[in-house]
There are 2 protein chains.
Amino acid sequence: MEHGADIETYQQYSRKKLIDFSSNINPLGIPPRLEIKIKDDIGNLVRYPDIKYRKLKKDVSMYLNCAEENVIVGNGAVEIIDIFTMIAKRVIVFMPSFSEYEKRARIHNKEVISLDLDENFKIDIEKIKSVIQPDDLLILGNPNNPTGLRIDKNTLISIYDIVRENEAILLLDEAFFEFCPTDYDSIKIFKKNDYLNICILRAATKFFALPGLRLGYGCSSKELVNRVYEIIMPWSVNGIAESIAKHLFTDKEYILNSKAYVKNERDYLLSELRKLSNIVAYDTDANFILVKLLHKDEDFALHFFLNRGILIRTCSSFSNIGRNHIRIAIKNHHENSVVVDVFKELNKL
Amino acid sequence: MEHGADIETYQQYSRKKLIDFSSNINPLGIPPRLEIKIKDDIGNLVRYPDIKYRKLKKDVSMYLNCAEENVIVGNGAVEIIDIFTMIAKRVIVFMPSFSEYEKRARIHNKEVISLDLDENFKIDIEKIKSVIQPDDLLILGNPNNPTGLRIDKNTLISIYDIVRENEAILLLDEAFFEFCPTDYDSIKIFKKNDYLNICILRAATKFFALPGLRLGYGCSSKELVNRVYEIIMPWSVNGIAESIAKHLFTDKEYILNSKAYVKNERDYLLSELRKLSNIVAYDTDANFILVKLLHKDEDFALHFFLNRGILIRTCSSFSNIGRNHIRIAIKNHHENSVVVDVFKELNKL
């Protein structure tokens, strides 16, 4: 399984309508009034998007609390990842992580330096120091996928310092940012550095539950923003995404409710899963949980869950993780209780 | 002016609300019942698009009358153009033509062989023969932008034969196909060749009046389709585009009405413009007209029209065309009569 959310492929293996635990989307769905806003904004499909995305960049800058000139927008976060791999000389990744980092780099014929996370899925800074060269692109998930772990603040600052000293670029993929504990905000931390040598990447996909909208956005230095806009395809963000972003970003009640809901469900799921003896449920800062199967492999688990109407994410397509890990999304309480019951059933085997 | 439709930039130069003659969109707007369909389909934003776009490819294949395995879909035609320039060894273009052909090739560090159209904006086949090599990508607009001319059927077949003999690839950009006289259909012609060494590219952007939707699609050989899908970004077509395509393609009444309307207005505009002595209005098969200014340059015309509430497309950003050409879209009858009046005013200077 290269990506989650591929219900079309897996539905045939289940007699029940599948509940999708393989993709990590806000369980509360879209902001409640958004549907009306989208309906009002259909006119935005019948004109070209602004080729410079002036209003959209302003909306993003107000949400991120950075200057408009620091904003990049793209057709999902993956388009911005793709462009940064084009800009880079070589691409450094830590495994396991989102497979598109390496894939986009290879498509653009870039050398990929693949480093392993340690046994606790942490980054060893010395490994970065030993390989990094000028114009390298270091891509880090924060929190990382599939592990769910954020980089602690001091480590992040140390990594950034190494990247700057070596005239490289740090691409911090924070697609799951809003689900995390609010102990720090990378965009606030690196403002004083004018985002030199860094791009902090976020998206509407996960937190705002809009994977079909295709809206990613980043915050970077003026110089890197300019380099991206020399390369990016014209009109790559569609007219609906362009126009409704502001309605997402200003719904503070929805944002707070979503954070609280996911935190409660994360606590619930971790506490239930940790009662079981045949799995290890790892710590997570995100809206998904990486689970190690102690006595079964991922294929067994995939079909075990499919037979019970649940699609999980197998993890062997992530490098450096073997065939005994699965990832589940944190969904609504009822769905989470259903998945817990299936884990309990699995535990009896 | 690198692209049309940039109302955001030019509105400041006009006291009137601008009529956009710089972008070439169906003057009848979207199919009448489409707005309701889009509103019903908003649910498609809250799930991931099918990563394999199975239903969308089927919808496209039924519209184009080709097999599903021959279909490529992209984030606008420009994404498919971009990927073909990545696949190519070198890129051959004829000037003037859509600037993104050359731009995308250069972004991917491909050598660009730039040939000139003749003084009647026709293709000289001998020029192709003299330069083409294996794995070259020849990109031709059919009809071409900004000239509006289609390649005649026999010439097209000759070009295809040269491309195949030389083991190169022909990318035929037919984004304006449905506006043209129905003397031939490239997809029908090259079916017997299994679309080997060719991709025929179309889009919802122009004819279906949905530039904000970002839906391009192509018909190509199984081998080329596979190569594209090794490269294309995941989920590059958004959920609304994925779900509403079928409603566009099946509205036969709207399709016939649009073709007839544009034909009538094309005849009207050409006949009116050809009464004027200070311009040459070129033949066109498309929904836009290239106009040569005999005594003024494009900048004068741009501001002359802006002062009268009209945004035209200056053409010097297309190579091999100088600074005395402008392009106007064919819009609704009232708007067309307004633009004719401004041309008449210009003729008195």
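Residues numbered from 1 in each chain as written. Chains lettered and ligands numbered in written order. Predicted model: local features only at pLDDT ≥ 70, side-chain atom pairs only at ≥ 80, totals over all residues. Heavy atoms only, no water.

The next thing to look at is the relation of the copies chain B and chain A. Under the fitted operation, chain B is carried onto chain A by 0.0 Å of movement along the axis and a turn of 180°, and the coordinates agree to an RMSD of 0.0 Å. Overall, the copies show the geometry of a two-fold rotation axis. For chain B, the smallest separation between a C-alpha atom and the rotation axis is recorded for Lys39 of chain B, amounting to 2.9 Å. (Least-squares fit on C-alpha atoms with pLDDT ≥ 70 in both.)

On to the sheet that holds strand E6 (residues 169-173) of chain A, then. All names here are of chain A. In space, the seven strands of this open sheet follow the order E2-E8-E7-E6-E5-E3-E4, with mixed pairing throughout. Both edges of this open sheet fall to strand E2 (71-74) and strand E4 (111-116), since each of them pairs with a single strand only. The mean inter-strand angle of the sheet, taken between neighbouring strand axes irrespective of direction, is 20°. Bridge analysis of strand E3 (residues 90-95) against E4 gives six bridges, and the strand direction is parallel. Note that in E4 the partner of Val91 across the bridge is Val112. Sitting on the sheet, helix H7 (residues 153-165) touches strand E5 (137-141), E6 and strand E7 (198-203), and the angle it makes with E6 is about 145°. Along the sheet face, helix H9 (residues 222-231) touches E2, E6, E7 and strand E8 (216-220) and points at about 30° away from the line of E2. (Pairing = 2+ DSSP bridges. Helix = DSSP H or I, 4+ residues; strand = E, 2+ residues; numbered from the N terminus. Axes fitted to C-alpha atoms, helices over the stretch in contact; angles between N-to-C directions. Contact = heavy atoms within 4.5 Å.)

So, about the UniProt feature "domain: Aminotransferase class I/classII large" (unreviewed entry) in chain A. Mapped onto the present numbering, the UniProt feature "domain: Aminotransferase class I/classII large" (unreviewed entry) falls on residues 17-337 of chain A. A distance of 17 Å separates the end C-alpha atoms of residues 17-337 of chain A, which is 37% helix and 18% strand. (UniProt positions renumbered as here; feature names shortened; annotations may be inferred.)

Once that is clear, we can look at the packing of helix H3 (residues 54-64) of chain B against helix H10 (residues 239-249) of chain B. Residues and elements named next belong to chain B. For the pair H3 and H10, interaxial distance at closest approach is 9 Å and the crossing angle is 20°. Between H3 and H10, the interaxial angle falls into the category roughly parallel. Here H3 runs over H10; the crossing is left-handed. Side by side, H3 and H10 meet where Leu56, Asp59, Val60 and Tyr63 of the first sit next to Ala241, Glu242, Ala245, Lys246 and Phe249 of the second. (Parallel < 35°, antiparallel > 145°, perpendicular 65-115°, else oblique. Left-handed = near helix turned anticlockwise from the far one by under 90°.)

Turning our attention to the interface of chain B and chain A. Interface size is commonly expressed as the accessible area that is lost once the parts come together. The interface of chain B with chain A comprises 52 residues on the first partner and 52 residues on the second. Surface buried jointly by chain B and chain A totals about 4,100 Å² across both partners, of which 65% is contributed by carbon and sulfur atoms. Applying the counting criterion to the chain B and chain A interface returns four salt bridges. We note a salt bridge from Lys55 of chain B to Glu8 of chain A, for which the minimum N-O separation is 3.8 Å. Counting across the interface, chain B meets chain A through 20 residue pairs in polar contact (both at pLDDT 80 or more). Where the side of chain B that touches chain A is concerned, the elements lending two or more residues are helix H1 (7-10), helix H2 (34-40), H3, helix H4 (77-87), helix H5 (99-107), helix H9 (222-231) and H10 of chain B. A breakdown of the residues in the side of chain B that touches chain A according to their chemical character gives 24 nonpolar, 11 polar and 17 charged. (Buried area = accessible area lost by both parts, 1.4 Å probe. Salt bridge = Lys/Arg side-chain N within 4 Å of Asp/Glu carboxyl O. Polar contact = N/O pair within 3.5 Å; in protein donor to acceptor, adjacent residues only side chain to side chain. Nonpolar A, V, L, I, M, F, W, Y, C, P; charged D, E, K, R; others polar.)

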